[in-house]
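Residue strings, one per chain:
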Amino acid sequence: MPDILTVTLNPALDLATSAPKVEPGPKLRCAPASAEPGGGGVNVARAVAIMGGSARAMVALGGPNGQALAGLLAKEGVEVVEVAAPGETRLSFAVTDDR
């Protein structure tokens, strides 16, 4: 498989957790959050690496969220070509209902 370069200009650090019941009003008591790198090109590079291919992800990264995202990609065996972003890499936070 040839070496693949993906480009992701708007990546996200995806955090996910769950709660027994999600409803407006009371505080939610959530399970520990899991973190994954996200964004279209990032996900393609991750899939290529999972399939045993070679992929580099050119990613616009900024701040602590960007560094966390880069670290997660490195753990998955995806080489990161970092482009400095003008601000913090976005954070996506999702809470699902355990019901």
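This structure is a prediction, so every number in the text was calculated from the model and none was measured.

1. Considering the overall build of the chain
Each helix and strand in the chain was counted, giving 2 helices and 6 strands. Secondary structure elements of the chain, listed N to C terminal, follow the sequence β-β-β-α-β-α-β-β. Overall, the chain is about 50 × 30 × 20 Å in size when its C-alpha atoms are taken along their principal axes. Put simply, the chain has 99 residues, and 30% of those count as buried. Counting contacts in the chain only where the partners sit at least 6 residues apart, residues at least 24 apart contribute 67% of the total.

2. A word on the sheet that holds strand β6 (residues 90-97)
Strand order in the open sheet formed by 3 strands is β3-β2-β6, and the pairing between neighbours is mixed. Strands at the two margins of the open sheet, each flanked by one partner only, are β3 (34-38) and β6. The sheet shows a mean angle of 25° between the axes of neighbouring strands, taken without regard to direction. Here strand β2 (residues 12-19) pairs with β6 via 8 bridges, running parallel.

Conventions adopted
- Residues numbered from 1 in each chain as written.
- Predicted model: local features only at pLDDT ≥ 70, side-chain atom pairs only at ≥ 80, totals over all residues.
- Heavy atoms only, no water.
- Helix = DSSP H or I, 4+ residues; strand = E, 2+ residues; numbered from the N terminus.
- Buried < 20%, exposed > 50% of the residue type's maximum accessible area, 1.4 Å probe, protein only.
- Contact = heavy atoms within 4.5 Å.
- Pairing = 2+ DSSP bridges.
- Axes fitted to C-alpha atoms, helices over the stretch in contact; angles between N-to-C directions.

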